[in-house]
There are 2 protein chains.
Amino acid sequence: MERHFDEELKSLKQKLLQMADLTQEMIGFSVQSLVKRDETLAHKTLEIEKKVNHMEIEIEEEVLRLLALRQPAAKDLRLLTAILKINSDLERVADQACNISETAVYLLKEPPLKPLIDIPNMANLAQRMIKNSLDAFVNHDPALAKQVCEDDDEVDRINEQIFRELLTFMMENPKNITRAVDLILISRNLERVADHATNIGEEVIFIEEGKNIKHHFND
Amino acid sequence: MERHFDEELKSLKQKLLQMADLTQEMIGFSVQSLVKRDETLAHKTLEIEKKVNHMEIEIEEEVLRLLALRQPAAKDLRLLTAILKINSDLERVADQACNISETAVYLLKEPPLKPLIDIPNMANLAQRMIKNSLDAFVNHDPALAKQVCEDDDEVDRINEQIFRELLTFMMENPKNITRAVDLILISRNLERVADHATNIGEEVIFIEEGKNIKHHFND
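Computed from a predicted model, the values in this text were never measured in an experiment.

Caption draft 1: View of the packing of helix α5 (residues 142-172) of chain A against helix α6 (residues 177-209) of chain A. Residues and elements named next belong to chain A. Direction vectors running N to C along α5 and α6 enclose 165 degrees, while the axes themselves pass 8 Å from each other. With respect to α6, the element α5 is oriented roughly antiparallel. Crossing of α5 against α6: the hand is left-handed. Of the residues assigned to the contact of α5 with α6, the class counts are 19 nonpolar, 4 polar and 9 charged.

Now the structure itself:
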């Protein structure tokens, strides 16, 4: 039974990795729809979300099945509850990508406000953070998980910078306001994606090193 | 042992209710700090967050302990994983209240842009949603949980209305822009609070009626 359980866990992790790949794809399509001014890419995001939602439910059901059937002890138990959390974070990443796509559809009805540099950079970084957080989980790599948490500071910095730049656009010309606010919202969505990756990173550190760094009790 | 487990579950639910009360208080203080223009209320929010963070960790540890020790079967298992999820949603509500307080501290450095009506209304509604979602959980009340999901539409409507109103303020005068964007962000934070209450409501419907309404497979 032990070996069988290991196989089951392995297959769950694989599924989680697939789901993470899909969410990265979604972020890519949602931001590329803006950059390439191609609405069909935004719709692709919404298509992929259906798959992600199915996967989320499948993974949750499988975790519950394993909890009931295998009645795992401490370490495996923590692994399974971690999978539940990561599953939920990934589903929320998919939600954020959908929010971006929906805003993009509005933005594409108007001429571009400015060339987009920071937002695609931020999207790349957020995608990499998702990938790294999952790799850290699957490969038991707390150092990589810490890297994810550190990258979050960079995302926050870019988010602030985007915010300030877009404020100046709004100040210059009221015609820029709606588009600038939309871009600020997209930048916030990406910041939220990075937050979810950070949640996953913190969870990995918790599992691997047995300490909860989430709330920095010593601060 | 069965009876003992029931007692343990009951005490976990009580703790979750306390945590929910604290998050409602946090939302109250964060928005009241803006309405009453009193920065000390914003700081109270940040104080309470420490308690919420401690409670989140305690609840999680207790759930893991029960999972390991009691090895509960199907129904209780689902209840425990639901508690884990609700726990995580409540902690994120607390995060949103902190975001509001942080933005409020900036806003209080400048004169008020406009009298605040919709934002306090939205905050009241979001607080009630949190309360109702937890009551629905503890009292096994799927009808109340559905009410929570319906209230979410009203929150989205108010959020849209606030957004449009603030856009006109920005268009009228560039001096309004920074403050208007800050209020838009606060309105988004409240919308996220309502989303978390809705997550909890959906979880309750899932537990009580055994169906997953989250992603509307039949849509």
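What follows continues from the structure just given.
Caption draft 2: The relation of the copies chain A and chain B, seen in detail. Each copy superposes on the other: chain A lies on chain B with an RMSD of 0.0 Å after a rotation of 180 degrees and an axial shift of 0.1 Å. Given the turn and translation reported, the copies of this chain are related as if by a two-fold rotation axis. Scanning chain A for the C-alpha nearest the rotation axis identifies Q71(A), at a separation of 2.9 Å. Most of the interface of chain A is mirrored in chain B: 100% of its interface residues are interface residues there too.

Caption draft 3: Structural view of the environment of P111(B). With respect to the element layout, P111(B) can be found in the loop between α3 (74-107) and α4 (118-138). Beyond its immediate stretch of four places on either side in the chain, P111(B) contacts R37(B) and R179(B).

Caption draft 4: Examining the packing of α4(B) against helix α6 (residues 177-209) of chain B more closely. All names here are of chain B. Direction vectors running N to C along α4 and α6 enclose 20 degrees, while the axes themselves pass 9 Å from each other. By the criterion of interaxial angle, the relationship of α4 to α6 is roughly parallel. The two elements α4 and α6 meet at a crossing, and its hand is left-handed. Tallied by class, residues from the contact of α4 with α6 come to 18 nonpolar, 4 polar and 1 charged.

Caption draft 5: Spatial organisation of the packing of aromatic side chains. All chains considered together, the criterion is met by 0 aromatic pairs over all chains. The ring of F137(B) has K13(B) sitting right over it, with the charged end atom 5.8 Å from the ring centre.

Caption draft 6: Fine view of the pattern of salt bridges. Residue and element names in this part refer to chain A. Tallying each qualifying case throughout the model produces 32 salt bridges over all chains. Linking E8 and R70 is a salt bridge whose minimum nitrogen-to-oxygen distance equals 2.8 Å. With a gap of 62 residues between them, E8 in helix α1 (residues 2-35) and R70 in helix α2 (residues 39-70) connect regions that are remote in the sequence. For E8, a relative accessible area of 8% translates into the label buried. Residue R65 pairs with E62 through a salt bridge whose shortest N-O separation is 3.1 Å. Here the residue R65 and the residue E62 both occupy positions in helix α2, the gap between them amounting to 3 residues, near one helical turn.

Criteria and thresholds
Residues numbered from 1 in each chain as written. Chains lettered and ligands numbered in written order. Predicted model: local features only at pLDDT ≥ 70, side-chain atom pairs only at ≥ 80, totals over all residues. Heavy atoms only, no water. Axes fitted to C-alpha atoms, helices over the stretch in contact; angles between N-to-C directions. Helix = DSSP H or I, 4+ residues; strand = E, 2+ residues; numbered from the N terminus. Parallel < 35°, antiparallel > 145°, perpendicular 65-115°, else oblique. Left-handed = near helix turned anticlockwise from the far one by under 90°. Nonpolar A, V, L, I, M, F, W, Y, C, P; charged D, E, K, R; others polar. Least-squares fit on C-alpha atoms with pLDDT ≥ 70 in both. Contact = heavy atoms within 4.5 Å. Phe/Tyr/Trp six-rings, centres within 6.5 Å; stacked < 30°, edge-to-face > 60°. Lys NZ or Arg CZ within 6 Å of the ring centre and 35° of its normal. Salt bridge = Lys/Arg side-chain N within 4 Å of Asp/Glu carboxyl O. Buried < 20%, exposed > 50% of the residue type's maximum accessible area, 1.4 Å probe, protein only.

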